[in-house]
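Here is what each chain is made of, one letter per residue.
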Amino acid sequence: QTGATRAPREREKRAPLATRQALLRAGAELFSERGFDGVPIEEVAARAGVNKSLISYHFRGKRGLYVAILESAFAAMAERLKAIEAGAVDAREALHGYVLAFGEVTRERPGFPTLFLREVLRAGIEPAVLPHLLEIIGVSRRLAERGTREGLFRPVDPLLMHFGLVGSLVFFFATEPARRRAAAQGRVPFPMPDSSGFLRYLEELTLRGLAPEEPPSRSRRKGARV
């Protein structure tokens with residue numbers, strides 16, 4: 001048994017939770033860059049600084065690690081959105097927190113949007129992720145309904161609002177690394193928007209786009225009868 005082999009095993013004995021987290025971080029980085037099929041387990045283990053056998057020990061193999069990464073990210077997003085929903089004083093505050101949450105989770109888990117798109121395009125929705133995804137959709141639906149009740153939104157299909165918000169957020173953050181590379185290489189002749197500017201824009205777009213229609217003014221109604 002070599003010293004290189006013994007070191008990861010000793011580390012595992014001392015800190016199994018740290019080992020698991022290291023594998024989750026390394027896997028998220030690599031899978032988001034090259035997809036599930038493009039990453040060998042040896043590379044994940046090397047980046048995490050552990051023996052590759054620990055992937056099987058903790059996650060029952062490469063696919064188990066991949067699913068755990070997706071499930072962890074979606075669970076974190078769902079919990080954050082539900083907490084924002086519960087604490088918001090009104091629909092406007094809930095919308096603001098909803099939009100910001102995606103930016104915060106992406107900063108904490110940079111590969112999350114890309115992983116999500118890769119997985120959906122490759123294999124559809126992972127069953128382990130589905131309960132958390134349904135929780136996120138539930139928050140979106142209740143936000144749409146609350147906004148309508150409070151007069152912030154006109155009546156709107158809650159699922160359409162969900163896809164409008166989440167689709168825009170996932171696409172923006174999934175393509176952000178490509179935009180940064182293009183800007184750094186001088187391939188675009190204009191500055192790229194930052195995430196905070198985009199989040200403000202999306203929030204304003206939603207508020208303005210779903211605002212209740214104002215009734216015609218009295219003078220306009222008179223003019224229409226002439």
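Look up: the structure comes first, before these words.
In this report, the structure presented in the accompanying data block is examined. (Residues numbered from 1 in each chain as written. Predicted model: local features only at pLDDT ≥ 70, side-chain atom pairs only at ≥ 80, totals over all residues. Heavy atoms only, no water.)

**Side note on the overall build of the protein**
Reasoning step 1: Secondary structure summary: the protein contains eleven helices and zero strands in total.
Reasoning step 2: Counted from the first residue to the last, the protein has its helices and strands arranged as α-α-α-α-α-α-α-α-α-α-α.
Reasoning step 3: In the protein, buried positions account for 40% of the 226 residues.
Reasoning step 4: A separation threshold of at least 6 residues defines the contact pool for the protein, and within that pool the share at least 24 residues apart is 69%.
Reasoning step 5: Of the roughly 13000 Å² that the protein leaves accessible, carbon and sulfur atoms contribute 57%. (Helix = DSSP H or I, 4+ residues; strand = E, 2+ residues; numbered from the N terminus. Buried < 20%, exposed > 50% of the residue type's maximum accessible area, 1.4 Å probe, protein only. Contact = heavy atoms within 4.5 Å. Areas by Shrake-Rupley, 256 points an atom, 1.4 Å probe, with all protein chains shown as cover.)

**A closer look at the packing of aromatic side chains**
Reasoning step 1: Using the criterion set out here, one finds eight aromatic pairs in the structure.
Reasoning step 2: Seen from their ring centres, F36 and Y66 are 5.1 Å apart, and the 65° between their planes marks the pair as edge-to-face. A residue pair is termed long-range when its members are at least 10 positions apart, and F36 in the loop between α2 (16–34) and α3 (41–48) and Y66 in helix α5 (residues 62–87) qualify at 30 residues. An identical accessibility class is assigned to F36 and Y66; each is buried.
Reasoning step 3: By way of ring pairs, the aromatic residues F31, F36 and Y66 are connected into one cluster.
Reasoning step 4: Above the plane of the ring of F36 lies R63, whose end atom (NZ or CZ) is 5.5 Å from the centre. (Phe/Tyr/Trp six-rings, centres within 6.5 Å; stacked < 30°, edge-to-face > 60°. Lys NZ or Arg CZ within 6 Å of the ring centre and 35° of its normal.)

**With respect to the side chain of T206**
Reasoning step 1: Relative to the helices and strands, T206 is located in helix α10 (residues 195–209).
Reasoning step 2: Of the residues examined, T206 reaches a relative accessible area of 10% and is grouped as buried.
Reasoning step 3: Setting aside chain neighbours within four positions, we find T206 in contact with L95, F153 and L165.

**Overview of unusual backbone geometry**
Reasoning step 1: The residue R60 is not glycine, and still its phi comes out positive at about 60°.
Reasoning step 2: Here R60 lies in the loop between α4 (53–59) and α5.
Reasoning step 3: The class of R60 is exposed, set by a relative accessible area of 80%.

**What to know about the nonpolar core**
Reasoning step 1: Formed by 59 residues in total, the largest nonpolar core has its most connected members in L23, F31, V44, L65, L81, Y98 and L169.
Reasoning step 2: Ranked by residue count, the leading element in this core is α5, at ten residues.
Reasoning step 3: Setting aside chain neighbours within four positions, we find V44 in contact with L23, A26, G27, L30, F31, V39, I55 and L65. (Core = buried A, V, L, I, M, F, W, Y, C linked by side-chain atoms within 4.5 Å.)

**Overview of α10**
Note on helix geometry: an α-helix contains 3.6 residues per turn, so any two residues three or four positions apart are oriented the same way.
Reasoning step 1: For α10, spanning 15 residues, the distance from its first C-alpha to its last is 20 Å, which sits close to the expected 21 Å at 1.5 Å a residue.
Reasoning step 2: Within α10, burial applies to S195, F198, L199, L202, E203, T206 and L207. Viewed end-on, α10 has its buried residues packed into an arc of 165°, placing them on one side of the element. Of the exposed residues in α10, those oriented more than 90 degrees away from the buried face are R200 and R208.
Reasoning step 3: Lining the buried residues of α10 we find α6 (91–108) and α9 (158–184). (Expected span 1.5 Å × (residues − 1). Arc of directions from axis to C-beta.)

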